[in-house]
Amino acid sequence: MSRKYFGTDGIRGHVGQSPITPDFVMRLGYAAGKVLAHDASGSTRPTVLIGKDTRLSGYMLEAALEAGFSAAGVDVMLAGPMPTPAVAYLTRALRLSAGVVISASHNPYHDNGIKFFSASGNKLPDTVELAIEAALESPLACVSSEKLGKARRLDDARGRYIEFCKSTFPNELDLRGLKLVVDCAHGAAYHIAPDVFHELGAEVVAIGNQPNGLNINDGVGATEPEALARAVREHGADLGIALDGDADRLLMVDASGRVYNGDELLYLMVRDRHQNGGIDGAVGTLMTNMAVESALNTMGIGFARAKVGDRYVLETLLERGWQVGGEGSGHLLFLDKHTTGDGIISALQVLSALRRADSRLERAIADMQLWPQTLLNVRIQRGFDWQSSPALIAAKQAAESTLGSDGRVLIRPSGTEPLLRVMVEARDPELARSLAERLVESVAA
């Protein structure tokens, strides 16, 4: 059965346009509630936790979800604005049936979405998502009045999650003497992230912590780290930490304002574990910089590439029994710390590695320089069979022959537009660009 609504990270779209409308979201709550009620044991009334980011539309969608779950006979706990990974943690800690997050992550305020977590704090299995899609085909109904779900607010959600984040930082270490700028992207961690780092001893300057419902990710956060870089320099801070709107991704900035992406932070964390107890392997994605793979291979550490998306990184980690993975966008996973990507916890792992090594971020990553990448988009006709194009095949083979072991070529279609994404990576930036341009020309030939 093919998916109609669910993508790789839940359901997402423009508010007011299908499927992000109050009537659809109420039906979604009802359909999910019926699936969860069917899976619940007879002695347990299913209960779901709903969290959201700071978008104005979250109020409307929260109410619609609550009504749908109630109509299906499912109780609801409301956490208010909470990071996506916080909902995953609280769902597991409170032994609930599922967790729901209302967020469009790094997108602008006029988008929103719905994503689900299972009782174990993981993304829903494909079988459950497909069951919810099937239930959406049935008309909205309502259980009898005495079986309607009830709703209550989870008043201590913030405190519970702050303590959980702090528990992932080594007891023998602290952050005293560090001055940090923490950019919350005017998102879900605005009232949480600064307190986590402060309570571990750091002096914290918070930015992007004044949400108004419309400014999430607007000029701040992990998608626009320039604001953080400026603030780090202005305040003379040691480090900057940038989260996105739902706080599941991380970028960092050193004292000079230089930005470090997820690939670099992944390398730092894997090397730290290699030096302090060992690590079997790590997972990146098709887009992970080849310098990371080369460096890990030199250390004798296994490396596997998953499809782009933290969902696929997680799947590959579970398949191989490994614990650490991530992607350049800043989604980092430490499965011995949390079941899902968490920007705050990822930052704490980086900080603990720097504390153990008594090093600064720029020194800790100085021995691993990313290879230059050129990424070009080329528009194609819908239905164009790019994998069978003789001109493109020949150009790709020629490029790979030229690069040898000093680079790679990656061609993949966009999931949303009639585009091919052509990426060439090489030690020589000019070579990467010229080869990418030749590949693009071959598509038009």
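Given the structure is predicted, the values throughout are model-derived calculations rather than measurements.

Student: Sorry if this is basic, but what is going on with the overall build of the protein chain here?
Tutor: In terms of helices and strands, the protein chain carries 14 helices and 18 strands. For 445 residues, the compact-globule estimate of 2.2 N^0.38 gives 22 Å, and the C-alpha radius of gyration of the protein chain, at 23 Å, lies within 12% of that figure. Burial status across the protein chain gives 56% buried among its 445 residues. Contacts in the protein chain between residues at least 24 apart in sequence constitute 70% of all its contacts with a sequence separation of at least 6. For the protein chain, the distance from the average site of its 45 positive side-chain charges to the average site of its 54 negative ones is 3 Å.

Student: Help me out: how do you make sense of the environment of M269 in this one?
Tutor: Position of M269 among the secondary structure elements: in helix 8 (residues 262–275). A C-alpha to C-alpha distance of 8.2 Å links M269 and V324, two positions 55 residues apart in sequence.

Student: What should I look at first to understand the nonpolar core in this one?
Tutor: Generally speaking, soluble globular proteins have nonpolar side chains that are buried together. In this structure, L180, F197, I344, L351 and L361 are the most contacted members of the largest nonpolar core, which totals 69 residues. Apart from the residues lying within four places of it in its own chain, the contact partners of L180 are L175, F197, A202, E203, V204, V205, L239, I241 and L351. Core analysis: the next-biggest nonpolar cluster, separate from the first, contains 31 residues, A72, I102, I114 and L136 among them.

Student: I would appreciate a short explanation of the sheet that holds strand 18 (residues 419–426) in the present structure.
Tutor: Taken in spatial order, the three strands make up an open sheet running 16-18-17, and their pairing is antiparallel. Edge positions in the sheet fall to strand 16 (373–379) and strand 17 (407–413), since each of these pairs with one other strand and no more. On average, each strand axis in the sheet is tilted by 15 degrees relative to the strand beside it, whichever way the strands run. Relative to strand 18, strand 17 is paired through seven bridges, and the arrangement is antiparallel. Looking at the pairing, L410 lines up with M423 of strand 18.

Student: It is not clear to me how the packing of aromatic side chains should be interpreted in this structure. Could you clarify?
Tutor: Describing an aromatic ring pair means giving the distance of the ring centres and the angle of the ring planes. For the coordinates displayed, the defined rule picks out four aromatic pairs. Judged by centre distance (6.1 Å) and plane angle (50 degrees), the rings of F6 and F116 are tilted. With a gap of 110 residues between them, F6 in the segment before strand 1 (11–14) and F116 in strand 5 (residues 111–118) connect regions that are remote in the sequence. Between Y161 and F164, the aromatic rings sit 6.4 Å apart at their centres with planes inclined by 35 degrees, giving tilted as the arrangement.

Student: Looking at this structure, I do not really get the pattern of salt bridges. What am I missing?
Tutor: Where charged atoms from two side chains of opposite charge come close, those side chains can pair. Tallied over the entire structure, the rule returns 29 salt bridges. In this structure, D336 engages R273 in a salt bridge whose closest nitrogen and oxygen atoms are separated by 2.9 Å. One end of the pair, D336, is in the loop between strand 15 (332–334) and helix 11 (343–357); the other, R273, is in helix 8, and 63 residues separate them in sequence. Several salt bridges converge on common partners, so that one network encompasses D9, R12, K115, K123, D246 and D310.

Student: Could you clarify how one ought to interpret the sheet that holds strand 5 in this entry?
Tutor: What holds strands together in a sheet is hydrogen bonding between their backbones, with the strands either parallel or antiparallel. Taken in spatial order, the six strands line up as 1-5-4-2-3-6 in an open sheet, and their pairing is mixed. For this open sheet the edge positions go to strand 1 and strand 6 (151–153), each flanked by a neighbour on one side alone. Strand-to-strand twist in this sheet, taken as the mean axis angle between neighbours without regard to direction, amounts to 20 degrees. Both strand 2 (residues 47–52) and strand 3 (residues 75–81) contribute to a ladder of six bridges, which runs parallel. Paired with G51 across the bridge in strand 3 is G80. On top of the sheet, helix 3 (residues 84–93) reaches strand 2, strand 4 (98–102) and strand 5; it is set at about 165 degrees to strand 4, its chief contact.

Student: Help me understand the pairing of strand 18, please; the structure alone is not making it clear to me.
Tutor: Consecutive residues of a regular strand have side chains that alternate between opposite faces of the sheet. Among the eight residues that make up strand 18, eight are buried, leaving the element largely enclosed by the rest of the structure. Of the two faces of strand 18, the one holding L419, R421, M423 and E425 and the one holding L420, V422, V424 and A426 are both buried throughout. When strand 16 meets strand 18, the two strands line up antiparallel, connected through seven bridges. Each residue of the ladder has a partner; that of L375, found in strand 18, is M423.

Student: Is there a simple way to explain the packing of helix 5 (residues 157–167) against helix 11 in this structure?
Tutor: Between two packed helices, the angle of one axis relative to the other and the distance separating the axes together describe the packing. Where helix 5 contacts helix 11, the two axes come as close as 9 Å, and the packing angle between them is 30 degrees. Comparing the axis directions of helix 5 and helix 11 gives the class roughly parallel. The two elements helix 5 and helix 11 meet at a crossing, and its hand is right-handed. On helix 11, the residues touching Y161, F164 and C165 of helix 5 are I344, I345 and L348. Split into classes, the residues belonging to the contact of helix 5 with helix 11 amount to six nonpolar, no polar and no charged.

Student: Help me out: how do you make sense of unusual backbone geometry in this one?
Tutor: Trans is the common state for peptide bonds, and a negative phi is the common state for residues other than glycine. The linkage connecting S18 with the following residue, P19, adopts the cis geometry, with an omega of 10 degrees. Checked against the element boundaries, P19 lands in the loop between strand 1 and helix 1 (22–39). One non-glycine residue, R95, lies in the positive phi region at around 60 degrees. Notably, S105 is not glycine yet its phi reads approximately 55 degrees, a positive angle. Residue placement: S105 occurs in the loop between strand 4 and strand 5. Residue class for S105 comes out buried when judged on its relative accessible area of 2%.

Student: How should I be thinking about the layout of surface pockets in this particular structure?
Tutor: Rolled over the atoms, a probe sized like a water molecule indicates the empty space that remains. A volume near 1,100 Å³ is recorded for the largest pocket. In this structure, the largest pocket is lined by 36 residues; those nearest its centre are T8, H106, V308, G309 and R412. At the level of secondary structure, the elements contributing two or more residues to the lining of the largest pocket comprise strand 1, helix 10 (310–320), strand 16 and strand 17. Per-element tally for the lining of the largest pocket: the top contributor is helix 10, with three residues. Across the lining of the largest pocket, the residue classes tally to eight nonpolar, 16 polar and twelve charged. In this structure, the second largest pocket encloses a volume near 210 Å³. As for the second largest pocket, its lining consists of L178, D238, L239, L351, L354, R355, D358, S359, R360, L361, E362 and R363.

The rules behind the values
Residues numbered from 1 in each chain as written. Predicted model: local features only at pLDDT ≥ 70, side-chain atom pairs only at ≥ 80, totals over all residues. Heavy atoms only, no water. Helix = DSSP H or I, 4+ residues; strand = E, 2+ residues; numbered from the N terminus. Rg over C-alpha atoms; globule rule 2.2 N^0.38 Å. Buried < 20%, exposed > 50% of the residue type's maximum accessible area, 1.4 Å probe, protein only. Contact = heavy atoms within 4.5 Å. Lys, Arg positive; Asp, Glu negative; His and termini not counted. Charge placed at Lys NZ, Arg CZ, Asp CG, Glu CD. Core = buried A, V, L, I, M, F, W, Y, C linked by side-chain atoms within 4.5 Å. Pairing = 2+ DSSP bridges. Axes fitted to C-alpha atoms, helices over the stretch in contact; angles between N-to-C directions. Phe/Tyr/Trp six-rings, centres within 6.5 Å; stacked < 30°, edge-to-face > 60°. Salt bridge = Lys/Arg side-chain N within 4 Å of Asp/Glu carboxyl O. Parallel < 35°, antiparallel > 145°, perpendicular 65-115°, else oblique. Left-handed = near helix turned anticlockwise from the far one by under 90°. Nonpolar A, V, L, I, M, F, W, Y, C, P; charged D, E, K, R; others polar. 1 Å grid on protein atoms, 1.4 Å probe; cavity = no way out; pocket = protein on both sides within 12 Å on 5 of 7 lines; lining within 4 Å. Points joined across faces, edges and corners; volume = space filled by probe spheres on them.

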